[in-house]
Amino acid sequence: MFTRRSVLATPVALAACNPFASAEPAPSGPIPSLKDIAPFPIGAALSSAHLDDPDWRALAKQQLSQLTTEWELKMEYVLQDGPGTPYRFEAPDRIAAFARDNNMRLYCTTLVWYSQGASWLNDLSDSDFRKGFDDYIAAVTGRYAGQAVGWDCVNEAVAEDGDGLRDCIWSQRLGGKEAYIERSFEKAREADPDTVLFLNDYNLEYLPRKRRTFLNLVEKLMSRGVPIGGIGNQAHLDIEAPVGSSAAFLRDAASLGLPIHVSELDFPKHHEGLIDTRTEPQKRAQQIAHVRDLAEAYMALPAAQQFGFTTWGLRDPDSWLLREEGKNWPDASPLFFDAQSRPNPAFQTAVDAFSGKS
Ligand code: XIL
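Described in the following lines is the structure provided in the data block. (Residues numbered from 1 in each chain as written. Predicted model: local features only at pLDDT ≥ 70, side-chain atom pairs only at ≥ 80, totals over all residues. Heavy atoms only, no water.)

Further remarks concern the sheet that holds strand β8 (residues 306-311). Spatially, β1-β2-β3-β4-β5-β6-β7-β8 is the arrangement adopted by the eight strands of the closed barrel, whose pairing is parallel. Each neighbouring strand pair of the sheet contributes to a mean axis angle of 25°, computed without reference to strand direction. Bridge count between strand β1 (residues 42-46) and strand β2 (residues 66-69): four bridges; the pairing is parallel. Each bridged residue has a counterpart across the sheet, and for Leu46 the counterpart in β2 is Thr69. Where helix α9 (residues 245-254) meets the sheet, its contacts fall on β6 (230-233) and β7 (260-265), and the angle it forms with β6 comes to roughly 170°. Seen against the sheet, helix α10 (residues 280-299) touches β6, β7 and β8 and runs at an angle of roughly 160° to β8. (Pairing = 2+ DSSP bridges. Helix = DSSP H or I, 4+ residues; strand = E, 2+ residues; numbered from the N terminus. Axes fitted to C-alpha atoms, helices over the stretch in contact; angles between N-to-C directions. Contact = heavy atoms within 4.5 Å.)

In C-alpha cells, the structure reads:
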C-alpha cells in the first residue's frame, strides 16, 4: 500500500417548426423496466448512502441490472486516511453486497485517474512510489475479483484538446504517459484475470481530435497486447450540440471490435450562460433527441459490443451535476427519473429504443 472522492405530466405541445418537436408523452400505468426491456445490462452509479433510501432501492431493483461505484472506489476515498492507514472499503463493500444480493452486476471505477491521487504520494521515493502504485491496484482490484464484471482501469487519459495524453502524477512518476497506462492495465489483470478492463473518457462525441487520439491509443494498446478489454464512453451529453454526435462516435469506436460501455450518461437541460431562450418543452425535446441518438446507435451495435448502458445516477437529485463537486446545476434534470422516481420525458425514448420500437 502507499506508505507515506422527468416525464412532463402531459405530452408537451411543441411548435411544429421546432427541430426537436417530438417529445413523447409520459408512460401511463406501471413504469416499464429498462433492465427487462434492454438486451444488455442497464446500470446506474450510486454512493453507499443511496442504499439507505427505500425509494432508491425499490427503483433500482425495478430498473437496474448493474451498479457502478460512483466515488467510493476512487483513490480519494480508498486512501482517504493517509499514509500507513488501512484502505477504506466499507462503503464499496456495501455496494458490492447489495449488487450480489439483488443479482446485479458490479462495475467499478476508477483505478487510475489523473484528477485523483494523494498529495503525500509525491513524497515517496521512486521505488516506493512504484511499489505503492502496484500494491494499491493489486489490493483494490483483487478485493472484488470474481464479482467486478469490469473496471474503468484508466480514466480520462487523453488531453482535452486531443493533443496527446494528459500529463499527471502517474505519467511523471511511472515512466511516461503510455507507460503508466500500460502498467495500470497489466497490474489490474494480474489481480483479476477475468474482469473487463476499460479505458474511459468523455467528450469523445464532440471533439474529433480527442476522439482520434483516444481511439489511436486504444489501437496502440491492443497492438501491444495490453489487456484492454473495452471502451468506456462517459456520454455526459450536451443537448445543445448537434444531434448525431453520439451515433458518429459509436460507429467509429465499434470499428475496433471491443465491447463499449456507455458508462456515465446524463443529459442536463441546464444552459451554461446568462440567457437561455429555450422553452421547457424545447429543452425536454432536446434531451429526447440526444437520448434517442445515443440509444438507437447503441442498439445498432453488435451484441458482443453492447457491454452495458449506465447513467451517472438514478434519479435527478442523485446526479453529481446538482452538487458542488459537479456543476451545481439545480435545474439540470439530467436522468431518466425525477425526485419522486417518476419517469422524465426521455425515459420513454429509452424504452422505445431498447424495445426496438423507434
Ligand atoms: C465524479 C463523481 O460523480 C463525484 O461524486 C466525485 O466526487 C468525483 O467524480 N467524469 C468521471 C467521473 O469520470 O468519475 C466523475 O465522477 C464525473 C466526471
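In this section: empty space enclosed by the protein. Approximately 40 Å³ is the volume attributed to the largest cavity. Per-class residue counts for the lining of the largest cavity are six nonpolar, three polar and no charged. Lining the second largest cavity are Lys74, Met75, Thr110, Leu111, Val112, Trp113 and Gln116. Among the elements that line the lining of the second largest cavity, the one with the most residues is strand β3 (residues 105-113), at four residues. (1 Å grid on protein atoms, 1.4 Å probe; cavity = no way out; pocket = protein on both sides within 12 Å on 5 of 7 lines; lining within 4 Å. Points joined across faces, edges and corners; volume = space filled by probe spheres on them. Nonpolar A, V, L, I, M, F, W, Y, C, P; charged D, E, K, R; others polar.)

Quick look at unusual backbone geometry now. Here the residue pair Thr109 and Thr110 is connected by a cis peptide bond, since its omega of -10° sits within 30 degrees of zero. Take Thr110: it is sitting in strand β3. Within the chain, Glu156 stands out as a residue other than glycine whose phi angle is a positive 55°. Mapped onto the secondary structure, Glu156 falls in the loop between β4 (148-155) and α6 (169-173). A relative accessible area of 8% places Glu156 in the buried class. (Buried < 20%, exposed > 50% of the residue type's maximum accessible area, 1.4 Å probe, protein only.)

In this structure, Trp170, Phe185, Ile231, Phe309, Phe336 and Phe354 are the most contacted members of the largest nonpolar core, which totals 101 residues. Setting aside residues no more than four positions away along its own chain, Ile231 makes contact with Phe198, Leu199, Phe214, Leu215, Val218, Phe249, Ala253, Leu256, Leu258, Pro259, Ile260 and His261. (Core = buried A, V, L, I, M, F, W, Y, C linked by side-chain atoms within 4.5 Å.)

This part is about the packing of α9 against α10. For the pair α9 and α10, the least separation of the axes is 7 Å and the interaxial angle reads 25°. Compared by their axis directions, α9 and α10 come out roughly parallel. Relative to α10, the crossing made by α9 is right-handed. Facing α9, whose interface residues are Ser245, Ser246, Ala247 and Leu250, α10 presents Asp293, Leu294, Ala297 and Tyr298. Tallied by class, the residues present in the contact of α9 with α10 amount to five nonpolar, two polar and one charged. (Parallel < 35°, antiparallel > 145°, perpendicular 65-115°, else oblique. Left-handed = near helix turned anticlockwise from the far one by under 90°.)

Each aromatic ring pair is described using two quantities: the centre-to-centre distance and the angle formed by the ring planes. Within this structure, the stated rule accounts for 19 aromatic pairs. A centroid spacing of 6.0 Å and a plane angle of 55° characterise the contact between Trp56 and Phe98, whose relative ring orientation is tilted. Of this pair, Trp56 sits in helix α2 (residues 54-63) while Phe98 sits in helix α4 (residues 90-101), and the two are 42 residues apart along the sequence. Residues Trp56 and Phe98 agree in their burial class; the two are buried. Plain terms: the ring middles of Trp71 and Tyr77 are 5.3 Å apart, the flat faces sit at 75° to each other, and that makes the pair edge-to-face. By relative accessible area, which is 27% here, Trp71 ends up partly exposed. You can call Tyr77 buried: its relative accessible area is 3%. One aromatic cluster is present, formed by Phe40, Tyr298, Phe309 and Phe354 through successive ring pairs. (Phe/Tyr/Trp six-rings, centres within 6.5 Å; stacked < 30°, edge-to-face > 60°.)

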